[in-house]
Amino acid sequence: MKKSLVSIVGNLVSFVISLIVLLPLAVLFINSFKTSAEANRMTLSLPKKWVVENYVTVVEKGKLFSSFLNGILYASCSVVIIVVLVSAAAFVISRNQKGINRFLYYFIISGIAVPINNVALMKVLQVLHLVNTRIGIILLYAAINIPLSLFLSFGFIATIPREIDEAAVIDGCSPRQLFLRVIVPLIKPIMSTVFVLEFMTVWNDFTMPLYYLNNSGKWPMTLAVYSFFGAFENSWNLVAADIILTLAPVLIVFILGQKYIVGGVSAGSVKG
């Protein structure tokens, strides 16, 4: 009886939290298909006429196609760099925590707590001639998000028994083959988790491109939304459509990532 009551309360709390999260999305989605006059009230009532042309207007006037490509480029490239480097580094450090490896691990993850010094970063980018460049912002995102990713990956890889490594070495695996053929299939869940978390972080970031990208042609969608809102602040139907288009890639990556993570964990449990 007590367990049933706890389960009911837990489900009720989850339902309320889900409503709190989904209600604003529902309001935005419905109002993105309304006329400007209808959308000014920002209610959940269905539009009298579904104006699909709002999305066409947003894409054309908001320059969303170029900003979408920029955002995808920054997020995907920086996240691939993070996943590849962090996976390899976490494996090496977890298997050999003595001497310089241990120091490097704590030195890198200290970046989680250290605040970002934009003045120093600007000086570094200026010296490397990477200010206002796409490669500069990609490397910047990768460097900023590596500490947390390494912390998560290190904890996951440390749970993999060393006996698996020893068995692979006995079978003739080189260190490279050990990592690529044995370890990587086992750490796909954490790699997927890091990919989803960091993709969402980079995609939703506003400050880095604002500080380090002076060319609006290189802006991601977050800055495009900010610029669009300033120009169409009285057209809430267009603003809502703009926000929905900006949220869509993150939601797709999150949903696909969750399926892959759950599938990887389930497969790993079955193998175990």
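Before any of the text, the structure's been laid out above.
Procedures and definitions
- Residues numbered from 1 in each chain as written.
- Predicted model: local features only at pLDDT ≥ 70, side-chain atom pairs only at ≥ 80, totals over all residues.
- Heavy atoms only, no water.
- Polar contact = N/O pair within 3.5 Å; in protein donor to acceptor, adjacent residues only side chain to side chain.
- Helix = DSSP H or I, 4+ residues; strand = E, 2+ residues; numbered from the N terminus.
- Core = buried A, V, L, I, M, F, W, Y, C linked by side-chain atoms within 4.5 Å.
- Buried < 20%, exposed > 50% of the residue type's maximum accessible area, 1.4 Å probe, protein only.
- Contact = heavy atoms within 4.5 Å.
- 1 Å grid on protein atoms, 1.4 Å probe; cavity = no way out; pocket = protein on both sides within 12 Å on 5 of 7 lines; lining within 4 Å.
- Points joined across faces, edges and corners; volume = space filled by probe spheres on them.
- Salt bridge = Lys/Arg side-chain N within 4 Å of Asp/Glu carboxyl O.

Some words on helix 6 (residues 118-127)
Here's step 1: For helix 6, the N-terminal capping position is held by Asn117, with its side-chain oxygen 3.2 Å away from the main-chain nitrogen of Val119.
Here's step 2: At the exit of helix 6 stands His129, carrying a positive phi of roughly 60°.

Quick look at the nonpolar core
Here's step 1: Membership of the largest hydrophobic core comes to 52 residues, with the highest contact counts inside it found for Tyr74 and Ile137.
Here's step 2: Ranked by residue count, the leading element in this core is helix 4 (residues 64-95), at ten residues.
Here's step 3: Setting aside residues no more than four positions away along its own chain, Ile137 makes contact with Tyr74, Met208, Pro209, Tyr212 and Leu213.

Overview of the layout of surface pockets
Here's step 1: What the largest pocket holds in volume is close to 580 Å³.
Here's step 2: Taken together, 26 residues form the lining of the largest pocket, with Ile116, Ala143, Ile144, Asn145 and Pro147 sitting closest to its centre.
Here's step 3: When residues of the lining of the largest pocket are traced back to their parent elements, those giving at least two are helix 5 (100-109), helix 6, helix 7 (134-157) and helix 10 (188-204).

A word on the pattern of salt bridges
Here's step 1: Summed over the entire model, instances satisfying the criterion amount to one salt bridge.
Here's step 2: In this structure, Asp165 and Arg95 form a salt bridge, with 2.4 Å as the shortest nitrogen-oxygen distance. Of the two residues, Asp165 is situated in helix 8 (residues 162-170) and Arg95 in helix 4; the sequence distance between them amounts to 70 residues. For the pair shown, Asp165 and Arg95 are each scored as buried.

A closer look at unusual backbone geometry
Note: most peptide bonds trans; most residues except glycine with negative phi.
Here's step 1: Located in the positive-phi region is Met42, a residue other than glycine, with phi close to 50°.
Here's step 2: Within the secondary structure, Met42 sits in the loop between helix 2 (36-39) and helix 3 (53-61).
Here's step 3: The backbone of His129 sits at a positive phi, close to 60°, despite the residue not being glycine.
Here's step 4: Residue His129 is classed as exposed on the basis of its relative accessible area, which comes to 69%.

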